[in-house]
Amino acid sequence: MFLFSSKIIRRIFSLLLFFALNFTFGQDNLQNKIYQNNLQKIEELILKKEYLNAVKLFKIMEFDSLNQYHKILNKIALQQPTSYKEYYTFLISASAIPGSNNQLSDFINNTIQIPETSDDFNYEYVKIKWLQMMALADETATLDEARIIKVELLKYIDSYSIETDNVNKARALVETFEMVIYVIQNKIELGKELCQNTFEIGKELNDKLIQITSLYHLCDFLVADRNLEEFITQSEVVLELESGLATPSPYKAKNMVHLIDAYIFKGGNHKRVSQLLNQLYNDVKTRPHSYSLYAQFLTYLPKDHKLQKEIFKIFNVKTYPEFGNKIDSISQNVLVPNDYYHVLNFTSKLLYSKKLYAEAFRFKDKAIDVTRKTYSEDLSQSLADFQTEKAVQQKERELLLSKQKSKYYGIIASLVAALFGVSLLLLYFNTKKNKILKQKNNLISNTLLEKERLLNEKQLLFKEMHHRVKNNFQLLSSLLELQVTGIEDKNALKMVEEGQNRIKSMALIHQNLYKDDSLKISLSEYVNKLIAEISAIGTINPRILLNIPNYKFDIDTAIPLGLILNELITNCFKYGFTNKYPSLTISIEKEKESSFYKLILKDNGNGLNSKEQFLNPNNMGLWLVQRLVKQLSGKCRYSYDNGAVYTITFKDTGERLKVA
């Protein structure tokens, strides 16, 4: 009897110990979840520059001890001096927050300044701007902004003449932007070659960030090649490299998502998929990305599988519908609409695969509603913005008219009051004059309003005209591109491609005219975009040095000048970059004692065979340059100084009209 009682007591004690441990473990997990959520909230507040709220939340959390990252967050929230390395650590962590790309870019623009000129090259600054550039490159709408950041970074890098390891690392890191461009252009082989070469540079310089970036983008091209096994191999290498980084790369979570997706698509490897999913889930920032992947994984797992039970235990559910409802409720307010749609869609597929058709259709309908609502909200917001803008403009016009009327009435009242004291006779005549003056003022006021209305309409029509001209040029360029496929003659093909480039340069001018309210072209902005367009076509990445003040020209000067620049820059990319380290320098200035502008374009290639070739050109490009320079009432000279040098003087439209 005593032995029986002892066994019962031991079992009861074991059960109590089990429940106590589980309760303690659960409490620890809950506290850790709250801690990670609050830490992410602090990062979000800092990105929004709500520093005071971030400091308050920091105090509420009451850390037992501050680790290195806590100290960095505290410094930024208190707006204390912070190093570029500390900012980079913060921004890498914040970049993992779903949908944070735009806030991340705005924060960098408003907070991170270019380092002051010194002998020490700042690689951490380059990494911060590179992070911004690659975040913007994720969206087609912000691709041009990413290109501009690349040009600015290369300008900063090229300002250091000594080729140190950090300078070489920075140059290799910035050139990874071209990997994104090759993906967009579907240049698979060129992209793979660039990724492999850059990986070797990163390996030689012992820079894991460059190696990870190269392999991550190599996987994009492996997807296009449908090489699943190599994709998985390289993704695993990226994860291994990540383990050697003190600060994770911005690709860690994305790579894990892609790798899990690949393993699920391949089938099998259940244990590895489960490990990766748990890693993704255990990080609060990446947890939302795991929901749709868990739904995919469960679709291929048999019912009552060991891993299926473990997943249900993680989400504290017992059935597939409960699982679907759970991930729906926890992802609805944390994911952007597109990612939330994937959660609903994969949940629908999961339920359908388990023959729970009613629940599957319910989630499918909800996914469709999310898509419809997203597009409806975008359209409604666009209409609301348009109506608000119109209302503001109308109100401003009414206020301006009211001020003008008040001014005129005040003048009239002052004149009447002053003249009233002179005599009744003068008052009579002055009253008569005032009536006439009032009529004239009303006429002037109406005339001014009518002119303002006509001017606004004219400006709007001009902008619309430039927009349509730009669209027509792009259409013409696309038609020429289609026509190229049927041309076998090399000379004819060359002429068509040159014509296509000229059309693109003119389309770029009209695009800038459409965006600028003054209907003038900013030459520095135009040259940056033109170089980006031309360099994107080829594989050469020369060193570009620009010295172009913020001059603006109207269309009569911008089009010939743009075509001249297009011809000369294109020639440099085709024939001028024979040097191992190709470079291109473009500068423009207004001559102090004359009405001429001076444009100088120089490369470091072999140049023309002779000046005679320039004076009597046998190709259309140089002939066109000379004709366009004459159109600008200017002159063009060619010389050789360790490369071709073109010196062009010209006048803007105002000065040419004076001569005429």
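It should be emphasised that the depicted structure is a prediction, and the values quoted were computed from it without experimental measurement.

## What to know about the pairing of strand 7 (residues 644-650)
Across the seven residues that make up strand 7, a large majority, seven, are buried. Of the two faces of strand 7, the one lined by Ala-644, Tyr-646, Ile-648 and Phe-650 and the one lined by Val-645, Thr-647 and Thr-649 are each fully buried. Here six bridges tie strand 5 (residues 597-603) to strand 7, and the two strands are oriented antiparallel to one another. The residue bridging Tyr-597 from the neighbouring strand is Phe-650, located in strand 7. One ladder, built from six bridges, connects strand 6 (residues 635-640) with strand 7; its direction is antiparallel. Within the sheet, the bridge partner assigned to Arg-637 lies in strand 7 and is Thr-647. Following strand 6, the chain reverses through three residues before pairing antiparallel with strand 7; Asn-642 in that reversal takes a positive phi of roughly 55 degrees.

## Considerations on the sheet that holds strand 2 (residues 543-547)
Adjacent strands of a sheet pair through backbone hydrogen bonds, lying either parallel or antiparallel. Pairing is mixed in the open sheet, where five strands are placed in the order 2-4-5-7-6. At either margin of the open sheet sits one strand with a lone partner, and together these are strand 2 and strand 6. Each strand of the sheet is rotated relative to its neighbour by a mean of 10 degrees, with strand direction disregarded.

## Notes on a nonpolar patch on the surface
On the surface, Tyr-352, Tyr-357 and Phe-361 cluster together into a nonpolar patch covering about 340 Å² of accessible area. Structurally, Tyr-352 can be placed in helix 18 (residues 337-353).

## Considerations on the confidence of the model for the chain
Summing up the model confidence of the chain, the mean pLDDT is 79 and the portion of residues at 70 or higher is 77%. With pLDDT under 50 throughout, residues 17-28 is counted as low confidence; its partners more than four residues away or in other chains account for zero contacts.

## A closer look at the packing of helix 13 (residues 252-266) against helix 14 (residues 270-282)
One way to put it is that helix 13 packs onto helix 14 with a least axis distance of 10 Å and a crossing angle of 150 degrees. The angle between helix 13 and helix 14 places the two elements in the roughly antiparallel class. The chirality of how helix 13 crosses helix 14 is left-handed. Packed against helix 13, whose contacting residues are Ala-253, Met-256, Val-257, Leu-259, Ile-260, Tyr-263 and Ile-264, the element helix 14 presents Arg-272, Val-273, Leu-276, Leu-277, Gln-279 and Leu-280 at the interface. In terms of residue class, the contact of helix 13 with helix 14 is made up of eleven nonpolar, one polar and one charged.

## A word on the packing of aromatic side chains
Counted according to the given criterion, the structure contains 25 aromatic pairs. Ring centres of Tyr-84 and Tyr-125 lie 5.8 Å apart, and the angle between their planes is 80 degrees; this geometry places the pair in the edge-to-face category. Within this pair, whereas Tyr-84 is found in helix 4 (residues 84-94), its partner Tyr-125 is found in helix 6 (residues 123-137), the two being separated by 41 residues in sequence. Looking at Arg-287, its charged tip hangs above the ring of Tyr-281, at a distance of 4.3 Å from the centre.

Conventions used here
- Residues numbered from 1 in each chain as written.
- Predicted model: local features only at pLDDT ≥ 70, side-chain atom pairs only at ≥ 80, totals over all residues.
- Heavy atoms only, no water.
- Buried < 20%, exposed > 50% of the residue type's maximum accessible area, 1.4 Å probe, protein only.
- Helix = DSSP H or I, 4+ residues; strand = E, 2+ residues; numbered from the N terminus.
- Pairing = 2+ DSSP bridges.
- Axes fitted to C-alpha atoms, helices over the stretch in contact; angles between N-to-C directions.
- Patch = residues over 30% accessible without salt bridge, like charges linked within 9 Å, V, L, I, M, F, W, Y side chains within 5 Å.
- Areas by Shrake-Rupley, 256 points an atom, 1.4 Å probe, with all protein chains shown as cover.
- Salt bridge = Lys/Arg side-chain N within 4 Å of Asp/Glu carboxyl O.
- pLDDT = per-residue confidence, 0-100.
- Contact = heavy atoms within 4.5 Å.
- Parallel < 35°, antiparallel > 145°, perpendicular 65-115°, else oblique.
- Left-handed = near helix turned anticlockwise from the far one by under 90°.
- Nonpolar A, V, L, I, M, F, W, Y, C, P; charged D, E, K, R; others polar.
- Phe/Tyr/Trp six-rings, centres within 6.5 Å; stacked < 30°, edge-to-face > 60°.
- Lys NZ or Arg CZ within 6 Å of the ring centre and 35° of its normal.

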